Amino acid sequence: MLLTEDNYSCPLSKETQEIARVDLNESNKVRKKALAEVRKWIKSQPHFRRARLDSNFILRFLRMQKFEIKESCEILDKYMTMRCQYPAWFQNLDCKDPALADLVDKGYIFVLPDRDQHGRRVIFSQAAAFDPSKYTTSDMMRAHVMTFETLLNDEENQVRGFTYVFDEKSVSWSHLSIWTPSEVSKAFSCCERALPMRHRDINFLNLPWTMSLIFQFAKSLLSEKIRNRFKTHSSLDSLQRSVDTSILPAEYGGTKSIKECISSWKKELEQNRNSLLELDQLKIDNSPVGEQLALVRKKSRHDSGSGSQVLGMMGNMRKHELQVEQ
């Protein structure tokens, strides 16, 4: 892990550099100036005990915020705070950890080998592969964060952003009942405002009607920009109109089987394993953590009340479903 500055050499293709210029306001001059400013800011933060200063890391935040320095520093601060405050979600992102290895092997979350029609990597998840009697919300979140951190090592992904496919077939109340109100709120806040990712296209497939109502309510807690990127598909045909069929798993109309896709992804995880484990060396002082989290909460739409609302609605829906069954 680079705790010192490096001399940046742009690894992006000409095509991706043009996307960065048009979509993110990135140029050699802007990038050089922004990197210097963010490094200066990092060094001035008294609560940062150990922080990364390498270009690859800092550019994640700058690209997410289209090179707006103040906003980029705010996200970086939240990222450092969340990572140190919630180690059960953000630390020990080890692909050899038994729980994480099993969730990948079972096909709960993996990344397709080929890029979609927009040049983006596609994060694929099958909810039915998650056993709520065996695994916890921490296992689930670590599996997701391990996926994100691995992909962010590639600057091509930082620029182009990500496509998601969530197959919610067979999702049940047991999948949702493992969450507490504070965890629901924390998950919304982390995923939208503390991880330096560009969420570009978010597809949900086979969402059961009861879950669909909860989904619509939960979605309302997110920013309008993110909400507008959500798509729900009731059929495979619908999904295939959004995501290039040829890159999907064979079971979804593509060419490579889920098993092949998972095998390819496991090799990628292995290649990035050391860099993810090194992230646990990032440290902030414990004393101002309360103040930092207050700042995170103050600027977030998501408090424990919103989490309680989601779970309250889930409970009401479950009661209604049980009455109908009787």
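Residues numbered from 1 in each chain as written. Predicted model: local features only at pLDDT ≥ 70, side-chain atom pairs only at ≥ 80, totals over all residues. Heavy atoms only, no water.

Trainee: Whenever I open this one, the overall build of the protein chain confuses me. Can you help?
Mentor: For the protein chain, the helix and strand inventory stands at 16 helices and seven strands. Every one of the 326 residues in the protein chain was classed for burial, and the buried ones make up 55%. When contacts within the protein chain are restricted to residue pairs at least 6 apart in sequence, long-range pairs at least 24 apart make up 80% of them. Carbon together with sulfur atoms contributes 49% to the accessible area of the protein chain, which is approximately 14900 Å² in total. (Helix = DSSP H or I, 4+ residues; strand = E, 2+ residues; numbered from the N terminus. Buried < 20%, exposed > 50% of the residue type's maximum accessible area, 1.4 Å probe, protein only. Contact = heavy atoms within 4.5 Å. Areas by Shrake-Rupley, 256 points an atom, 1.4 Å probe, with all protein chains shown as cover.)

Trainee: Teacher, can you tell me more about the sheet that holds strand E4 (residues 162–167) here?
Mentor: Hydrogen bonds between backbone atoms are what pair the strands of a sheet, whose relative direction is either parallel or antiparallel. If you trace the five strands from one edge of the open sheet to the other, you get E2-E3-E4-E5-E6, paired in mixed fashion. Two strands bound the open sheet, and with one partner strand each, they are strand E2 (109–111) and strand E6 (230–233). Here the average twist between neighbouring strands, direction ignored, is 20 degrees. Bridge count between E4 and strand E5 (residues 199–205): six bridges; the pairing is parallel. Looking at E5, one finds that phenylalanine 166 is bridged to phenylalanine 204. Sitting on the sheet, helix H7 (residues 137–152) is in contact with E2, strand E3 (121–126) and E4, with an inclination near 15 degrees to E2. This element, helix H14 (residues 258–278), spans E2 and E3 of the sheet and lies at about 80 degrees to E2. (Pairing = 2+ DSSP bridges. Axes fitted to C-alpha atoms, helices over the stretch in contact; angles between N-to-C directions.)

Trainee: Can you help me understand the pairing of E5 in this one?
Mentor: For a regular strand, side chains alternate in direction, first toward one face of the sheet and then toward the other. Taken across its seven residues, E5 has six buried, putting it largely inside the fold. One ladder, built from four bridges, connects E5 with E6; its direction is parallel. If you follow leucine 205 over to E6, its bridge partner there is histidine 233.

Trainee: Sorry, what's going on with unusual backbone geometry here?
Mentor: One non-glycine residue, asparagine 25, adopts positive backbone phi at about 65 degrees. Positionally, asparagine 25 belongs in the loop between helix H1 (14–24) and helix H2 (28–43).

Trainee: Where do I start with the pairing of E4 in this structure?
Mentor: Most of E4 sits out of view: six of its six residues are buried. Where burial is concerned, the two faces of E4 agree: the one with Phe162, Tyr164 and Phe166 and the one with Thr163, Val165 and Asp167 are both buried. When E3 meets E4, the two strands line up parallel, connected through six bridges. Paired with isoleucine 123 across the bridge in E4 is tyrosine 164.

Trainee: Would you explain the pattern of salt bridges in this entry?
Mentor: Pairs can form between side chains of opposite charge whenever their charged atoms are close. Taken as a whole and judged by the stated rule, the model has 25 salt bridges. Measuring nitrogen to oxygen at the nearest pair gives 2.8 Å for the salt bridge that ties glutamate 26 to arginine 63. Note that glutamate 26 is positioned in the loop between H1 and H2 and arginine 63 in helix H3 (residues 55–64), a separation of 37 residues in sequence. We note a salt bridge from arginine 160 to glutamate 156, for which the minimum N-O separation is 2.9 Å. Linking arginine 160 with glutamate 156, this pair stays in helix H8 (residues 155–160), spanning four residues, or about one helical turn. (Salt bridge = Lys/Arg side-chain N within 4 Å of Asp/Glu carboxyl O.)

Trainee: Quick question: what am I supposed to make of the packing of H2 against helix H4 (residues 69–85) here?
Mentor: Helix-helix packing is characterised by the crossing angle of the two axes and by the distance between the axes. Two elements in contact, H2 and H4, have axes whose closest approach is 11 Å; the angle formed by their N-to-C orientations is 45 degrees. If you check the angle between H2 and H4, you find them oblique. Considering how the two elements wind past one another, H2 and H4 form a crossing that is right-handed. Residues Ala34, Glu37, Val38, Trp41 and Ile42 of H2 lie in contact with H4, whose contacting residues are Ile69, Cys73, Leu76 and Asp77. A class-by-class count of the residues in the contact of H2 with H4 yields seven nonpolar, no polar and two charged. (Parallel < 35°, antiparallel > 145°, perpendicular 65-115°, else oblique. Left-handed = near helix turned anticlockwise from the far one by under 90°. Nonpolar A, V, L, I, M, F, W, Y, C, P; charged D, E, K, R; others polar.)

Trainee: What is the right way to read the environment of glycine 161 from this model?
Mentor: Note that glycine 161 resides in the loop between H8 and E4. According to the relative accessible area criterion, glycine 161 is buried, its value standing at 0%. For the pair glycine 161 and glycine 119, spaced 42 residues apart in sequence, the C-alpha separation works out to 8.9 Å. In this structure, glycine 161 is in contact with Arg120, Arg121, Arg198 and Arg200, ignoring residues within four places of it in sequence.

Trainee: I keep staring at the packing of aromatic side chains and nothing clicks. Help me out?
Mentor: Each aromatic ring pair is described using two quantities: the centre-to-centre distance and the angle formed by the ring planes. In total, this model carries twelve aromatic pairs according to the counting rule given. A centroid spacing of 5.2 Å and a plane angle of 70 degrees characterise the contact between phenylalanine 57 and phenylalanine 61, whose relative ring orientation is edge-to-face. Here phenylalanine 57 and its partner phenylalanine 61 are both found in helix H3, four residues apart, which amounts to about one turn of the helix. Under the relative-accessibility criterion, phenylalanine 57 is labelled buried at 1%. With a centroid separation of 4.9 Å and an interplanar angle of 70 degrees, the aromatic rings of phenylalanine 124 and tyrosine 252 are classed as edge-to-face. Of this pair, phenylalanine 124 sits in strand E3 while tyrosine 252 is found in the loop between helix H13 (236–242) and H14, placing the two residues 128 residues apart along the sequence. Judged on exposure class, the residue phenylalanine 124 and its partner tyrosine 252 are both buried. (Phe/Tyr/Trp six-rings, centres within 6.5 Å; stacked < 30°, edge-to-face > 60°.)

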